[in-house]
Amino acid sequence: MATYLANTFSPSMLAPGTVATVRECTLTEIPENAVSIVSHELTAAHFSVLLGRHIAFNRVNVTLKPGDTLFAILLQFRPEATREFTREEIERAGLRVFRVDVLAGNQ
């Protein structure tokens, strides 16, 4: 069982056959021991300021398995093309935070 902090979430991150619950939460619910899988350096730096602790830049692929929890801080900004955001865009963007709990399959 692992706990992650990410800047995105996609159902394709779930292991095949698993079921997940998703609910909105707050920044204060993100545990300090969450492993960062934040995939952009500037976003990780901004999250460090928001959370008051170092958040590492760590671009890795993760498959979420039963028992895992993912906290996703989603910036409410969508560029026209896929690219990393600028510091100004990150600072201006609103955000929403979600908790994804992965359950055993076929729940």
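The rules we used
Residues numbered from 1 in each chain as written. Predicted model: local features only at pLDDT ≥ 70, side-chain atom pairs only at ≥ 80, totals over all residues. Heavy atoms only, no water. Core = buried A, V, L, I, M, F, W, Y, C linked by side-chain atoms within 4.5 Å. Buried < 20%, exposed > 50% of the residue type's maximum accessible area, 1.4 Å probe, protein only. Helix = DSSP H or I, 4+ residues; strand = E, 2+ residues; numbered from the N terminus. Contact = heavy atoms within 4.5 Å. 1 Å grid on protein atoms, 1.4 Å probe; cavity = no way out; pocket = protein on both sides within 12 Å on 5 of 7 lines; lining within 4 Å. Points joined across faces, edges and corners; volume = space filled by probe spheres on them. Polar contact = N/O pair within 3.5 Å; in protein donor to acceptor, adjacent residues only side chain to side chain. Pairing = 2+ DSSP bridges. Axes fitted to C-alpha atoms, helices over the stretch in contact; angles between N-to-C directions.

Enquirer: Would you explain the nonpolar core in this entry?
Expert: Grouped burial of nonpolar side chains is what soluble globular proteins tend to show. If you look at the biggest cluster of nonpolar residues, it comprises 14 residues, and the most contacted ones within it are Leu5, Ile30, Val38, Phe47, Leu51, Ile55 and Ile73. Secondary-structure elements contributing two or more residues to this core are α1 (41-51) and β4 (69-75). Setting aside residues no more than four positions away along its own chain, leucine 5 makes contact with Ile30, Ala34, Val35, Ser36, Ile37, Val38, Leu51, Ile55, Phe71 and Ile73. In this structure, Ala6, Met13, Ile37 and Leu64 belong to the second largest nonpolar core, which totals 11 residues.

Enquirer: Would you explain the layout of surface pockets in this entry?
Expert: Of the voids in this model, the second largest pocket is the one considered here, and its volume is about 220 Å³. Along the wall of the second largest pocket there are 13 residues; nearest its centre are Thr8, Met13, Val60, Asn61 and Val62.

Enquirer: I'm lost on the side chain of aspartate 101 in this one. Help?
Expert: Within the element layout of this structure, aspartate 101 appears in strand β5 (residues 95-103). In this structure the side chain of aspartate 101 is engaged in a polar contact, spanning 2.9 Å, whose partner is the side chain of threonine 69. If we skip the residues at most four places from it in the chain, aspartate 101 touches Val19, Ala20, Thr21, Asp68 and Thr69.

Enquirer: Please explain the sheet that holds strand β3 (residues 35-36) as it appears in this structure.
Expert: Note on sheets: strands pair through backbone hydrogen bonds, and any given pair is parallel or antiparallel. Taken in spatial order, the five strands line up as β2-β5-β4-β1-β3 in an open sheet, and their pairing is mixed. Pairing within the sheet leaves two strands with one partner each, and these edge strands are β2 (19-25) and β3. Judged from the four bridges that link them, strand β1 (residues 3-6) and β4 form a sheet pairing that is parallel. Paired with tyrosine 4 across the strands is leucine 70, a residue of β4. The sheet strands contacting α1 are β1, β4 and β5, and the helix crosses β4 at an angle near 105°.

Enquirer: How do you make sense of the environment of leucine 27 when you look at a structure like this?
Expert: In this structure, leucine 27 sits in the loop between β2 and β3. Residues leucine 27 and arginine 96, 69 residues apart in the sequence, show an inter-C-alpha distance of 8.9 Å. Ignoring anything within four residues of it in the chain, the contact list for leucine 27 reads Leu50, Leu51, Ile73 and Val97.

These values are about where atoms sit, not about what they do.
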